[in-house]
Amino acid sequence: MDNNDVFRNAYGLHQAGRLAEAARGYGEVLAANPRQFEALFLLGMVHLQTGRFDEAERILSRAVAVDPQSEDAHSARSTAFQQMGRHADALISLDSLLALKPGHSIAWNSRGNALLTLNRYAEAIASYDRAIASKLDYAEAWHNRAVARIMLQDYPEAESDLDRALSLRPDYPDALEHRGIALAAQGRHHEALSSYDAAINSAPPQAELICRRADCFLHLERFADALADYDRALALAPANSDAWHNRGVVLSRLERLTEALESYDQALRLRSDFVESWHNRGSALLALKRHAEALASYDGALAARPDYAEGWKSRGTVLVLLQRYGDALAAFDSAIRIRKNDAGAWEGRGNALLRLERNEEALASYDEALRLQPGKPDVLYNRASVLYLLEGFRESAEDCEALLAIDPSYPYARGLLMLARLHRCDWRDLRGARIRIAEDLADGRRVIHPFDHLAISESPDDQLRCARILVENQFPASLTPLSRTACYHHDRIRIAYLSADFYAHATAFLMAGVFEHHDRRRFETFAVSFGPNDESAMRARLERGFDRFLDVRDESDSAIAAKLREMEVDIAVDLKGYTRFAKPGILARRPAPLQVHYLGYPGTMGADYIDYLLADRVVLPEHDHEFYAEQIAYLPGSYQCNDSARRVSAHTPNRADAGLPEAGFVFCCFNNNYKIMPEIFDIWMRILAGTEGSVLWLFQENADAATNLRREAEARGISSGRLIFAERTGLEHHLARLKLADLVLDTLPYGAHTTASDALWVGVPVLSALGSTFAGRVAASLLNAIGVPELSTPSLEAYEEQAKMLACNPAALAAIRAKLLANRDTHPLFDTPRFTHHLEAAYVAMWERQQCGLPPAGFVVDASNK
C-alpha cells in the first residue's frame, strides 16, 4: 500500500471515530513524509479530540511551519494553547490567523476569550466587538462580551448584551445564568431569580448555577428555598466550600446556629484559610454566647488574613463581652488602621473606652461613628450615656430625643432622657413620662434602669418589675452556678464585700468603721474592689481594714466569681446593687453559698441568686415583703451603718463664707438635684413664702439646674435670690458648713440617705415625709434610730406644716437640736461597734441556716444581742 493509500485509510478511520488507529496511520504517513501538511494537521486534530493537548500543539506547530497560510492550522493550534492554559501563546496564533483573515468572527471571539482569561477585559471587549461586526447574529460573542462587562462591573451594559444574545438564542443556558448575575449585582434579585430558573430549565443543572440561585434566595430572605438549593448543589459537588459556607449563613439567619457551625466547619475542612467561614463561625458562637470559642474563630480569620478589618472589629466586640476592654480597644484600633471610615469600629472603640472609664475619648469615638453613620440608634444611646456620665445632661437629653424620634421603644432611652432632664431640673412632660414608663414596665419593656427608676417611683411593685426585667435581659442566673450547695467549714466565717467604691466615696465614709470593727476572731474579711484607687487617705484606711484587699478592677465578672469560689467565701455581700459601676454579673454566677445585698442600692435586686437583703422595719415594712425577691434580714435601729470616727473640719465657715445672708432662716437640701420633683419644689416655695426672710440652700450639681430652679422659683412668686447654691467640696469642710443650716428638707420619692446622716452627725435637724418605697423612707429610719421620730411626718401636708412651725418657733427647733446632739453618742445611729455586732449577728444567723442545709428565710436580729 503506497503512502496515499495509507493516508486515505487513516482518514477513513478518523471519520469513523477510530481515533487511535487513525493516529497510527497518520504517523505512518509522516514517517515516510514528515512535511505532509494534511497528515500533520489531522494528527494534531486527533490529539485535540483525545485530550493530548501538548502533543496536539507540537504537531500543529509543525503543520503551521509547513503551511504558514493555513487558517485551520493556526486556529487549531490556538485551541491547543488555550486548553493547556497558555493563553498568551493562543493570542499569538489567533493574531496570525487574523492577519490572514481579518473578518474571521470565530477567531475574534476566541481571541476575546483568551484575553478574558488573562483579565485583559477592555481588550477582550474590543475583540468581541470585531467578532460581532463580522457576524451580527453571533450569540456567543454577545454573551462573551457581557461576561467581560460583568468583570468590569458594567452591569447595565452586560444586561443589554445578554438580552441581545438571548434574542438570538432564547434557551442559551450560559447567557441566562450570566443575565442573572448581572441583575443580582444590580440588586434586582427577583428578576435574577427568573433568569436562574430559566437557565436551570434549559440544561442539566450544574452545582455552580444552583448555588447562584441559592444566593439569590438568600438575598430575598427566602431561607428555606436557599437551604434546599445549597443542599441540592452539595449533592452534586460535595467539595464546594462556598456552598458549605453559604449554607451556614442561611442556617445562621434561621437561628439554627448549631447546624450553621457544622456547615462552617465543613467549609473549613475543605479550605482551612476560608476567612469568611472563620469569621461567620465566630459570629454564630457569639450568638450562642460561647464567647471564648468565638474569639478563637475570629483569631482564625485573622491568622488567614491579618488585614481583615471585619475580623478585628468582631474580635473587639467579643473582647468587650469578655470584659477584656484593653485588648478590645487594641482590636478596634487595628480595624480602624485598616479601614479608617468604618463606623462600626469607631462605635466599638467607644464602647471599650466607655468601659475603661475613659469617657472623653469614648465621646470622641462616638462622634466619629455618628459622622460616618448619622442617626444610628445604638451609637446615639451610647453617646447619650457617656454624655450623662460627663454631666453633659443637656446634650445627653438631645441625643435621647433624637433616638426616640427614630425608635420610640429603644431600650432604656426614655428613662435616660428623663434622668438627664431631671439632673437639670427640667420638668417638661415629667408627668407624661412617668405614666409612659409605668405602662411600659407593666408590659415588660426595658424602659428605665432600676436605679434611675428610684427617682420617680412610688411603687415598690413597679420597682420589683423593673429590676426583674433587667435581670432577665442582662444578668440571668448562670446555668452552672459555682457554689450553690457548697458548705464550707472554716475556723472563721469568710465575708467578702464587693464594691467599686473602696475609695473616698459615700459608701466608704459610711462603712469604713464597720470593716474595722469586725470581730477578727470570728470573721475573716475580704474586700473585692473593682473600682478606682484614688490613693486617698480613705483608700489606705480601707486597705488596712480587711484581712485581704483584692484589687480586681481589670478582671472579668467570671474571673472575679471564680476567685471568690476559689477562696471559699461563705457570704458575698454586694454593696453596689444597680448603682453606677455595679457588677451584678459576679453574683449571677453564684460564687458563694450565701449572697447578700446591702446599702448601695435602696431596693430589691429582683434576682433569685440574691438570698438576703439587710433592712430595718422602717425602710421596709413587713407588708411590702411581696415586692422583694430577697429574704429580709431585719437589723435593729437603722439598716444604715455610720462611721463614728469621721471628722469635721475644725474651721466652721460663717454665713458670708458660704454665700448665705447674715440673718434669716436657712432651709437646706443637699440631695442631688435629680431628686427634686416639682411637687416637692411647690411645697418648698410655699414654705419660703410663709417664712419671711428665709432662704433655701441647695447643692449645685450643674449650672443648668441652678438656672432652671431659679426660673421655677420666680414662676411661683419667689425671688430667685432666695435660692442659694453650694459648690462641691471635701467631706470635712462640707460637714462643717452644714452646721450653718437651720433645717434640712428631704425629698420624695427618693429621699436623703448619706446627706441625711451627714446633717444629723453635725446636729442639724432633718425633716422628712414617709415615702412609699425603701428609697423614700431612709431619712425616717435614721431619725428613728437617733431618737427624733417626730421629724418624720406621715404626709407631705404634715411635712409642710412642720417646716413652717419649726421656722417660726426657735425654741422648738433649739430643743430638737439639743436632743440630736445629746442622742448622737447614746443612740444606735452612730454607734459603729453596736451596729457591727448586729450585722455580724445577721451573718451568723444566715450562715447557721445554710450550714444546717436550710434555705434562706427572713429573720429579725434582736436589739439586745450585744
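Refer to the structure above for everything that follows.
Presented here is a report on the structure given in the accompanying data block. Keep in mind that this is a model prediction, so the values were computed, not measured. (Residues numbered from 1 in each chain as written. Predicted model: local features only at pLDDT ≥ 70, side-chain atom pairs only at ≥ 80, totals over all residues. Heavy atoms only, no water.)

Moving on, we come to the overall build of the chain. Tallying secondary structure elements over the chain gives 40 helices and 14 strands in all. Against the compact-globule benchmark of 29 Å for 866 residues, the chain has a radius of gyration of 41 Å, which places it well outside the compact range. Dimensions along the principal axes, computed over C-alpha positions, put the chain at roughly 145 × 65 × 45 Å. Across the 866 residues that make up the chain, the buried fraction comes to 56%. Contacts in the chain between residues far apart in sequence, at least 24 positions, make up 62% of those at least 6 positions apart. Per element, the accessible surface of the chain, about 35,800 Å² overall, is 49% carbon and sulfur. A gap of 1 Å separates the mean positions of the 96 positive and 118 negative side-chain charges of the chain. (Helix = DSSP H or I, 4+ residues; strand = E, 2+ residues; numbered from the N terminus. Rg over C-alpha atoms; globule rule 2.2 N^0.38 Å. Buried < 20%, exposed > 50% of the residue type's maximum accessible area, 1.4 Å probe, protein only. Contact = heavy atoms within 4.5 Å. Areas by Shrake-Rupley, 256 points an atom, 1.4 Å probe, with all protein chains shown as cover. Lys, Arg positive; Asp, Glu negative; His and termini not counted. Charge placed at Lys NZ, Arg CZ, Asp CG, Glu CD.)

A separate point is the pattern of salt bridges. Summed over the entire model, instances satisfying the criterion amount to 77 salt bridges. The salt bridge partner of aspartate 95 is arginine 111, with a shortest N-O separation of 2.7 Å. In this pair, aspartate 95 is assigned in helix H6 (residues 87-100) and arginine 111 in helix H7 (residues 105-117), connecting sequence segments 16 residues apart. Judged by relative accessible area, aspartate 95 falls into the partly exposed class, the value being 36%. Assessed through its relative accessible area of 17%, arginine 111 is described here as buried. (Salt bridge = Lys/Arg side-chain N within 4 Å of Asp/Glu carboxyl O.)

The next thing to look at is the sheet that holds strand S12 (residues 766-769). Read across the sheet, six strands follow the order S10-S9-S8-S11-S12-S13 without closing on themselves; strand pairing throughout is parallel. For this open sheet the edge positions go to strand S10 (723-726) and strand S13 (792-793), each flanked by a neighbour on one side alone. Where strand S9 (residues 695-699) lies against S10, four bridges are found, and the strand directions are parallel. Following the sheet pairing, leucine 698 is matched in S10 by phenylalanine 725. In the packing of helix H33 (residues 678-689) onto the sheet, the strands contacted are strand S8 (666-669), S9, S10 and strand S11 (743-745), and the crossing angle to S9 comes to about 145°. (Pairing = 2+ DSSP bridges. Axes fitted to C-alpha atoms, helices over the stretch in contact; angles between N-to-C directions.)

A few words on the packing of aromatic side chains. When we look at a pair of aromatic rings, we describe it by the centre distance and by the angle of the planes. Under the criterion given, the structure shown has 23 aromatic pairs. Every member of this aromatic cluster is reached through a ring pair, and the members are Tyr497, Phe502, Phe515, Phe546, Phe549 and Tyr843. In this structure, arginine 305 is placed above the aromatic ring of tyrosine 308, and the distance from its NZ or CZ to the ring centre is 5.0 Å. Sitting over the face of the ring of tyrosine 634, arginine 617 holds its NZ or CZ atom 4.8 Å from the ring centroid. (Phe/Tyr/Trp six-rings, centres within 6.5 Å; stacked < 30°, edge-to-face > 60°. Lys NZ or Arg CZ within 6 Å of the ring centre and 35° of its normal.)

What follows concerns the nonpolar core. Counting 257 residues, the largest nonpolar core has Tyr497, Trp684 and Trp697 as the members making the most contacts within it. Top contributing element to this core by residue count: helix H13 (residues 207-219), with eight residues. If near-sequence neighbours (up to four positions away) are discounted, tryptophan 697 is found in contact with Ala658, Leu660, Val666, Phe667, Cys668, Cys669, Phe670, Ile724, Ala726, Arg737, Leu740 and Ala741. With 26 residues, the next largest nonpolar core counts Ala22, Tyr26, Leu48 and Ala80 among its residues. (Core = buried A, V, L, I, M, F, W, Y, C linked by side-chain atoms within 4.5 Å.)

A few words on the environment of alanine 198. Tracing the backbone shows alanine 198 in helix H12 (residues 189-202). Distance from alanine 198 to aspartate 171, taken between C-alpha atoms, is 7.9 Å for residues 27 residues apart in sequence.

For residues that are not glycine, phi is negative in most cases, and the peptide bond is trans in most cases. Cis geometry is found at the peptide bond from leucine 748 to proline 749, where omega equals 5°. Within the secondary structure layout, proline 749 lies in the loop between S11 and helix H36 (754-761). A positive phi angle, near 55°, is found at glutamate 535, a position not held by glycine. Residue classification places glutamate 535 among the exposed positions, given a relative accessible area of 70%. One non-glycine residue, arginine 590, lies in the positive phi region at around 50°. Along the chain, arginine 590 falls in the loop between helix H32 (584-588) and strand S5 (594-597). Overall, the relative accessible area of 3% leaves arginine 590 in the buried class.

Turning next to the packing of helix H1 (residues 3-15) against helix H2 (residues 19-32). One way to put it is that H1 packs onto H2 with a least axis distance of 8 Å and a crossing angle of 160°. Compared by their axis directions, H1 and H2 come out roughly antiparallel. The handedness of the crossing between H1 and H2 comes out as left-handed. Here Asn3, Val6, Phe7, Ala10, Tyr11, Leu13 and His14 of H1 lie close against H2, whose contacting residues are Leu19, Glu21, Ala22, Gly25, Tyr26, Glu28, Val29 and Ala32. Tallied by class, residues from the contact of H1 with H2 come to 10 nonpolar, three polar and two charged. (Parallel < 35°, antiparallel > 145°, perpendicular 65-115°, else oblique. Left-handed = near helix turned anticlockwise from the far one by under 90°. Nonpolar A, V, L, I, M, F, W, Y, C, P; charged D, E, K, R; others polar.)

This part is about the sheet that holds strand S1 (residues 493-499). One open sheet accounts for eight strands, arranged S3-S2-S1-S4-S5-S6-S7-S14; its pairing is parallel. Both edges of this open sheet fall to strand S3 (548-551) and strand S14 (859-860), since each of them pairs with a single strand only. Sheet topology note: the strand S2 (residues 523-529)/S3 ladder contains four bridges and is parallel. Bridged to phenylalanine 526 within S3 is arginine 548.

A few words now on the environment of leucine 261. Structurally, leucine 261 is set in helix H16 (residues 257-270). On a C-alpha basis, the gap between leucine 261 and asparagine 671 in space is 54 Å, while along the polypeptide they are 410 residues apart. In this view, leucine 261 contacts Arg281, Ala284, Leu285, Leu288 and Arg290; residues no more than four positions away in its chain are not counted.

Structural remark: α-helix, 3.6 residues per turn; residues separated by three or four positions point the same way. Under the 1.5 Å per step criterion, the end-to-end length of H13 is 18 Å for 13 residues, consistent within 8% with the ideal 18 Å. Here H13 has its buried residues at Ala207, Leu209, Ile210, Cys211, Arg213, Ala214, Cys216, Phe217 and Leu218. On the buried face of H13, the contacting elements are helix H11 (173-185), H12, helix H14 (223-236) and helix H15 (241-253). At the C-terminal side of H13, glutamate 221 shows a positive phi close to 60°. (Expected span 1.5 Å × (residues − 1).)

Mapped onto the elements, asparagine 382 comes out in helix H23 (residues 377-389). When residues no more than four places from it in sequence are discounted, the contact partners of asparagine 382 are Glu347, Asn351 and Tyr366.

The next point concerns the pairing of S10. On a regular strand, one side chain projects to one face of the sheet and the next to the other, so that they alternate. Side chains Leu723 and Phe725 project from S10 onto one buried face, and the interleaved Ile724 and Ala726 project onto a second face that is buried too. Following the chain from S9 across helix H34 (residues 703-715) to the adjacent parallel S10, one finds a crossover that is right-handed. (Right-handed = clockwise from strand over helix to strand, strands pointing away.)

Moving on, we come to the environment of alanine 233. By the secondary structure assignment, alanine 233 is in helix H14. Residue classification places alanine 233 among the buried positions, given a relative accessible area of 1%. On a C-alpha basis, the gap between alanine 233 and alanine 207 in space is 4.5 Å, while along the polypeptide they are 26 residues apart. When neighbours within four sequence positions are excluded, alanine 233 is seen to be in contact with Ala207, Ile210 and Cys211.

Buried residues dominate helix H37 (residues 778-785), accounting for seven of its eight residues. When H37 is considered as a whole, its buried residues turn out to be Val778, Ala779, Ala780, Ser781, Leu782, Leu783 and Ala785. Check the buried side of H37 and you find it contacts H36, S12 and S13. At the exit of H37 stands glycine 787, carrying a positive phi of roughly 85°.

Counted according to the given criterion, the structure contains zero disulfides. Sulfur of cysteine 852: no disulfide; nearest cysteine sulfur belongs to cysteine 487 and is 8.5 Å away. (Disulfide = S-S within 2.5 Å.)

A word on the side chain of serine 529. Along the polypeptide, serine 529 turns up in strand S2. Owing to a relative accessible area of 1%, serine 529 belongs among the buried residues under this scheme.

A few words now on the packing of helix H10 (residues 155-168) against H11. For the pair H10 and H11, the least separation of the axes is 9 Å and the interaxial angle reads 155°. One way to sum up the angle between H10 and H11 is to call them roughly antiparallel. Once H10 is placed against H11, the crossing between them reads as left-handed. Packed against H10, whose contacting residues are Tyr155, Ala158, Glu159, Leu162, Asp163, Ala165 and Leu166, the element H11 presents Ala175, Leu176, His178, Arg179, Ala182, Leu183 and Ala185 at the interface. Looking at side-chain class alone, the contact of H10 with H11 contains 10 nonpolar, one polar and three charged residues.

Worth remembering: the numbers are spatial, not functional.
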